[in-house]
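# Structural characterization, general
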Amino acid sequence: MSDPRILILGAPGAGKGTQSKRLCEEYDIEHITTGDALRANKQMETEYGTPAEYMDAGELVPDPLVNEIVAAALEDADGFVLDGYPRNESQVEYLEDATDLDVVLYLDVDEEELVRRLTGRRVCPECGASYHVDFNPPEEEGVCDECGSELVQRDDDTEETVRERLKTYEENTEDVIEHYRGTDEFVQIDGEQSPDEVWADVKDAVDAQAE
Ligand code: ADP
Ligand code: ADP
Ligand code: ZN
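The notes below deal with the structure included here. Keep in mind it's a predicted model, so treat the numbers as computed, not measured.

### Structural notes on the overall build of the protein chain
Each helix and strand counted, the protein chain has 8 helices and 7 strands in total. Expected size for 211 residues packed as a compact globule is a radius of gyration near 17 Å; at 16 Å, the protein chain falls within 12% of this value. Seen along its three principal axes, the alpha-carbon backbone of the protein chain occupies a region of about 40 × 40 × 30 Å. When each of the 211 residues of the protein chain is scored for burial, the buried share is 47%. Counting only contacts in the protein chain whose residues sit at least 6 apart along the sequence, the fraction spanning at least 24 positions is 68%. In the form shown here, the protein chain has an accessible surface area of approximately 10,800 Å², with 40% of it arising from carbon and sulfur atoms. Of the charged side chains in the protein chain, 17 are positive and 57 negative, and the gap between their average positions amounts to 5 Å.

### A few points about unusual backbone geometry
Residue P86 follows Y85 across a cis peptide bond; omega there is 0°. Note that P86 resides in the loop between strand 3 (80-83) and helix 5 (89-98). One non-glycine residue, D28, lies in the positive phi region at around 55°. In this structure, D28 sits in the loop between helix 1 (16-27) and strand 2 (30-33). A relative accessible area of 66% means that D28 is categorised as exposed.

### Points about the site of ligand 1
In the neighbourhood of ligand 1, 19 residues make up the surrounding shell, with T34, R39, E59, G84 and R165 lying closest. Take R87: an N or O atom from its side chain is 3.1 Å from a nitrogen atom of ligand 1. Between an oxygen atom of ligand 1 and a side-chain N or O atom of R165, the distance comes to 2.5 Å. Protein contact buries 96% of the 560 Å² of open area that ligand 1 shows by itself. When residues in the shell around ligand 1 are grouped by element, the largest group, 4 residues, is from helix 2 (residues 34-40). Residues that form the shell around ligand 1 fall into these classes: 7 nonpolar, 4 polar and 8 charged.

### Observations regarding the site of ligand 2
As a structural note, the neighbourhood of ligand 2 is formed by 19 residues, with G13, K16, T18, R121 and Y131 the closest of them. Here an oxygen atom of ligand 2 and a backbone polar atom of G13 are 2.8 Å apart. Protein chains shield 93% of the accessible area of ligand 2, which is 570 Å² for the free molecule. Mapped onto the shell around ligand 2, the elements with two or more residues apiece are helix 1 and strand 6 (130-132). Grouping the constituent residues of the shell around ligand 2 by class yields 6 nonpolar, 10 polar and 3 charged.

### Side note on the coordination of the zinc ion (ligand 3)
Those donors, C124 (SG), C127 (SG), C144 (SG) and C147 (SG), are the protein atoms that reach the zinc ion (ligand 3), and they lie 2.3 to 2.4 Å from it. Geometry at the zinc ion (ligand 3) is tetrahedral, judged from the 4 donor atoms that bind it and their angles of 99 to 118° at the metal. The sequence pattern describing where the donors of the zinc ion (ligand 3) fall on their chain is C-x2-C-x16-C-x2-C. Note that C127 is positioned in the loop between strand 5 (121-123) and strand 6 and C144 in the loop between strand 6 and helix 7 (159-180), a separation of 17 residues in sequence. On the basis of relative accessible area, C127 is assigned to the partly exposed category, the value being 29%. Using a relative accessible area of 3% as the deciding quantity, one classes C144 as buried.

Analysis parameters
- Residues numbered from 1 in each chain as written.
- Chains lettered and ligands numbered in written order.
- Predicted model: local features only at pLDDT ≥ 70, side-chain atom pairs only at ≥ 80, totals over all residues.
- Heavy atoms only, no water.
- Helix = DSSP H or I, 4+ residues; strand = E, 2+ residues; numbered from the N terminus.
- Rg over C-alpha atoms; globule rule 2.2 N^0.38 Å.
- Buried < 20%, exposed > 50% of the residue type's maximum accessible area, 1.4 Å probe, protein only.
- Contact = heavy atoms within 4.5 Å.
- Areas by Shrake-Rupley, 256 points an atom, 1.4 Å probe, with all protein chains shown as cover.
- Lys, Arg positive; Asp, Glu negative; His and termini not counted.
- Charge placed at Lys NZ, Arg CZ, Asp CG, Glu CD.
- Near = heavy atom within 4 Å.
- Polar contact = N/O pair within 3.5 Å; in protein donor to acceptor, adjacent residues only side chain to side chain.
- Nonpolar A, V, L, I, M, F, W, Y, C, P; charged D, E, K, R; others polar.
- Donors = N, O, S within 2.8 Å, 3.2 Å for Na, K, Ca; no water.
- Tetrahedral: all angles 85-135°; square planar, octahedral: opposite > 155°, others 65-115°.

Below you can see the structure in the form of structure tokens.
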């Protein structure tokens, strides 16, 4: 099998980051994530203002900024898992011009579960690993299992901003799911299972599609 080109879709908190990390290890592919790229440049001044102004309000960062991030990352990648992009129709069009995909995974999770996951999330600022205080705690409280760094809570993982992000998701990104549903590459996965059960379904889907 050549390196798979994977798109992973789902609401904020659906488990995209968690499963993407495993996909990268399993298939030795690049993790392309607009959220991490934007967080690394949160205070950068652009003609649209800083990414932080949008992110802390739970809104989408303007398309030209994210399209540029994705274009640069795709240029460097053979196989990849694309996480957090596209989030609206115009990003879908941009992506379709930029690359083909082997498999489109959609992690389906109910809204109240998303809120519980996001408000309890803790992330590693060094390696990007994602934990949950109850559902997926690290071995030692507040410390990353993988690299030993101190875990942090993201600025936008507060209850208020989480609600805004879910509203933004409904208004913009649900159409993206509908765009891919019904294509040959699309596979819907029950994202409410345990992380290991979700992973088993994810791996099966990629192995079946990316031959
Ligand atoms: P989550 O993993 O919880 O869905 P992300 O880390 O993907 O969150 O995104 C954090 C924030 O970064 C979003 O709320 C949004 O402001 C911005 N962002 C990330 N990806 C995009 C994108 N493709 N288009 C516009 N804004 C984006
Ligand atoms: P996304 O990248 O889609 O925003 P994450 O992978 O960061 O989602 O997961 C969001 C939160 O939910 C994290 O705290 C993570 O540890 C937790 N989580 C991920 N997958 C599961 C799962 N299958 N069951 C319970 N909690 C999960
Ligand atoms: Zn770490």
